[in-house]
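Listed below, chain by chain, are the residues.
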Amino acid sequence: MRPTVPHHVETLTPYVAGKPIEETERELGIKGVIKLASNENPFGPSPKAMEAVVKALASTHLYPDASCFYFKRKLAEFLKVGTESIVVGSGSNELIELLIRTFLSDQDEALVAKGSFVIYKIALQAHGKRFVEVPLRDYHYDLEAMAERVTPRTRLIFLANPDNPTGTYFGRAALERFLEKALQVSPQLIVAMDEAYFEYASAQDYPDSLALQRDCPNLVTLRTFSKIYGLAGLRLGYGVMDPAMAGYLNRTRMPFNVASPAQVAGIAALDDAEFVRKTAQLARQEVAHVTGALRQLGLMVAPSQTNFVFTELPQPAAPVYEAMLRKGVIVRPIPAYGFPNALRITVGTRAENERMLAALKEVLSSR
C-alpha cells in the first residue's frame, strides 16, 4: 500500500546535499578529489575543539546535558548576552524549524526571498505553512519590496545576511528601514536574521543584529558553528532572542537535541580566536583571488561577504559541474535556488582554488 500524505508533503522537493568526496571517488574510480561545494572550512575543525571532542567520547554512553548549561554559559559570556536569551540547536537548521513550528499558526504566513537559502521554503512547506516569496534584485535582498509584501498575517520573516547562495549582504541602514516599515504593518511578526557567515563579513556597514535587538525584541539572530569553526559534522547552532521567545522555543525543542561532543567542541572553539582569525583572513584573500580569476574568464561574479563565490555561466551549470566532477573537483550547481546557469564555489586553499580554476577554464573552453 502506498502511504497517504498531505499534499504539501507529496509535492515537496527534498534538499539535495553536496556530493561527498568518498562517494565521488568511488563512483568515478579516481583519487585526490577536492570538495568546494558546501562552504566548509578548508583548515578543518578547530584543533582546540577536536581535543575537547576526543575527551568527551568517553562519556557517550550518557545522554547529553539537555539544557546545554556549560555551553550556553560560555556562549553568553562570549556574546555578552543572558543565558536565558539563547536557544541551542542541532545546527541552525533546527532553529529555523523550531521558529516555524512554534510561532506559525495555520492562519499566519511567512515571508522569504526567492533565490535565497532554500531550506526556509523546504521547512515551511514541510510544516504545511503558507509563505510569500519576493525575488532578489541584482543578486541582493530587495528589502524595500519585501517590506511592501508584509501584511497583518505576516508572522515570520527569514533574512540571510550574508546571503546563501549569492554571498551578498545588506547594510544596517537598509535593515533598520525594513524593520520599521514591517513592524508598523505587523507588530507581532518575528524577523529571523540567519547569520551563518557573519564571521566572514568585513563590510563597514554590516549590521550588528545583537545590538539591534535592544530596540527591536522581535529580532532573532541565528548562527552556526558549521562554517568558520569547522564543526559542520557535529551539528551545533544557536539562536539569540527575547527571553520570552526563547522560552517558547525550549518548550517545542526536543530533549537531548545537541550531542555532548558538540557542546564541548563549541566551548573550546570559542577560545580559539586565532583559528577564526586565520580562517577569515584566508577566505577574504581567496574570495578576492577567485573572483578576479573568474571575471578574467568573462564570468559574472556577485560581490561576496562569505567564504564562497556565486558565478553565472553562459550555459547550463549542470553539465559543467559534471565535467568538473570527472576532473576531481566538486562545486555546487544551484538550480533549486532558481539559478540554472550558476555555480556556488567554496573557496579553499590557494592550491585547491588554482586547481578548480584550471578545471573550470578547461571545461568552458571545450564547450
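Criteria and thresholds
Residues numbered from 1 in each chain as written. Predicted model: local features only at pLDDT ≥ 70, side-chain atom pairs only at ≥ 80, totals over all residues. Heavy atoms only, no water. Helix = DSSP H or I, 4+ residues; strand = E, 2+ residues; numbered from the N terminus. Buried < 20%, exposed > 50% of the residue type's maximum accessible area, 1.4 Å probe, protein only. Polar contact = N/O pair within 3.5 Å; in protein donor to acceptor, adjacent residues only side chain to side chain. Contact = heavy atoms within 4.5 Å. Core = buried A, V, L, I, M, F, W, Y, C linked by side-chain atoms within 4.5 Å. Axes fitted to C-alpha atoms, helices over the stretch in contact; angles between N-to-C directions. Parallel < 35°, antiparallel > 145°, perpendicular 65-115°, else oblique. Nonpolar A, V, L, I, M, F, W, Y, C, P; charged D, E, K, R; others polar. Left-handed = near helix turned anticlockwise from the far one by under 90°. Pairing = 2+ DSSP bridges. Phe/Tyr/Trp six-rings, centres within 6.5 Å; stacked < 30°, edge-to-face > 60°. Lys NZ or Arg CZ within 6 Å of the ring centre and 35° of its normal.

1. Notes on the side chain of Asn 164
Then step 1. Along the polypeptide, Asn 164 turns up in the loop between strand E5 (154–160) and helix H8 (172–185).
Then step 2. For Asn 164, a relative accessible area of 7% puts it in the buried group.
Then step 3. Here Arg 344 takes part through its side chain, which lies 2.9 Å from a polar atom of the side chain of Asn 164.
Then step 4. With near-sequence residues (within four places) excluded, Asn 164 lies in contact with Asn 39, Gly 115, Ser 116, Phe 117, Tyr 197, Phe 308, Tyr 337 and Arg 344.

2. Considering the nonpolar core
Then step 1. Phe 225, Met 324, Leu 343 and Met 356 are the most contacted members of the largest nonpolar core, which totals 59 residues.
Then step 2. A per-element tally of this core places helix H12 (residues 273–296) first, with 7 residues.
Then step 3. Contacts of Leu 343, omitting those with residues within four sequence positions, involve Val 309, Phe 310, Thr 311, Leu 313, Ala 317, Val 320, Tyr 321, Val 331, Arg 332, Pro 333 and Leu 360.
Then step 4. Counting residues in hydrophobic clusters, the runner-up holds 58 residues, among them Ala 110, Val 112, Leu 183 and Leu 219.

3. With respect to the environment of Ile 30
Then step 1. Within the fold, Ile 30 resides in the loop between helix H2 (21–28) and strand E1 (34–35).
Then step 2. Along the backbone, Ile 30 and Arg 326 are 296 residues apart, and their C-alpha atoms lie at a distance of 8.3 Å.
Then step 3. Setting aside residues no more than four positions away along its own chain, Ile 30 makes contact with Thr 24, Glu 25, Leu 325, Arg 326 and Gly 328.

4. Regarding the side chain of Thr 24
Then step 1. Following the sequence through the fold, Thr 24 ends up in helix H2.
Then step 2. Judged by its relative accessible area of 0%, Thr 24 is buried.
Then step 3. Aside from chain neighbours lying at most four places away, what touches Thr 24 is Lys 19, Gly 29, Ile 30, Val 33, Leu 325 and Ile 330.

5. Digging into the packing of helix H5 (residues 92–103) against helix H10 (residues 243–252)
Then step 1. At a closest axis distance of 9 Å, the pairing of H5 and H10 adopts a crossing angle of 95 degrees. In terms of their interaxial angle, H5 and H10 are classed as roughly perpendicular. Every residue of H10 that contacts H5 at Leu 98, Leu 99, Arg 101, Thr 102 and Phe 103 is listed here: Met 245, Tyr 248, Leu 249 and Thr 252.
Then step 2. Class assignment of the residues belonging to the contact of H5 with H10 gives a composition of 6 nonpolar, 2 polar and 1 charged.

6. Quick notes on the packing of H12 against helix H14 (residues 350–365)
When two helices pack together, you describe them by how their axes are tilted relative to each other and by the distance separating the axes.
Then step 1. For the pair H12 and H14, interaxial distance at closest approach is 11 Å and the crossing angle is 15 degrees. It follows that H12 is roughly parallel to H14 by the angle criterion. The chirality of how H12 crosses H14 is right-handed. Of the residues in H14, those in contact with Glu 286, His 289, Val 290, Ala 293 and Leu 294 of H12 are Arg 350, Asn 353, Glu 354, Met 356, Leu 357 and Leu 360.
Then step 2. Residue composition of the contact of H12 with H14, grouped by class: 6 nonpolar, 2 polar and 3 charged.

7. Points about the sheet that holds strand E2 (residues 86–89)
Then step 1. Spatial ordering of the open sheet is given by E2-E8-E7-E6-E5-E3-E4, a layout of 7 strands whose pairing is mixed. The sheet is open, and its two edges are formed by E2 and strand E4 (130–135), each paired on a single side. Across the sheet, the mean angle separating the axes of adjacent strands is 20 degrees when strand polarity is ignored.
Then step 2. As defined by bridge partners, strand E3 (residues 109–114) adjoins E4 across 6 bridges and the pair is classed as parallel.

8. Examining the sheet that holds strand E9 (residues 300–301)
Then step 1. The 4 strands are arranged E9-E10-E13-E12 in an open sheet whose pairing can be described as antiparallel. Where the open sheet ends on each side, the last strands, each with one partner, are E9 and strand E12 (332–334).
Then step 2. As paired strands, E12 and strand E13 (residues 339–346) are joined by 3 bridges and run antiparallel to one another. When the sheet's bridge partners are listed, Pro 333 is paired in E13 with Leu 343.
Then step 3. The sheet contacts of H12 involve E9 and strand E10 (308–312), and relative to E10 the element is tilted by about 15 degrees.

9. Considerations on the packing of aromatic side chains
Then step 1. Counted according to the given criterion, the structure contains 14 aromatic pairs.
Then step 2. A ring pair is formed by Tyr 63 and Phe 256, whose centres lie 4.7 Å apart and whose planes are at 25 degrees; its orientation type is stacked. Remark: Phe 256 occurs in the loop between H10 and helix H11 (260–270) and Tyr 63 occurs in the loop between helix H3 (47–56) and helix H4 (69–79); sequence separation between them is 193 residues.
Then step 3. A residue is classified by how much of its surface remains accessible, and Tyr 63, at 68% relative accessible area, is exposed.
Then step 4. Measuring from centroid to centroid gives 6.4 Å for Phe 103 and Tyr 248, while their planes differ by 80 degrees, and the two rings are edge-to-face. Note that Phe 103 is positioned in helix H5 and Tyr 248 in helix H10, a separation of 145 residues in sequence.
Then step 5. The exposure class assigned to Phe 103 is buried, which follows from its relative accessible area of 11%.
Then step 6. A relative accessible area of 41% places Tyr 248 in the partly exposed class.
Then step 7. Positioned above the aromatic ring of Phe 308 is the side chain of Arg 344, whose terminal nitrogen or guanidinium carbon lies 5.8 Å from the ring centre.

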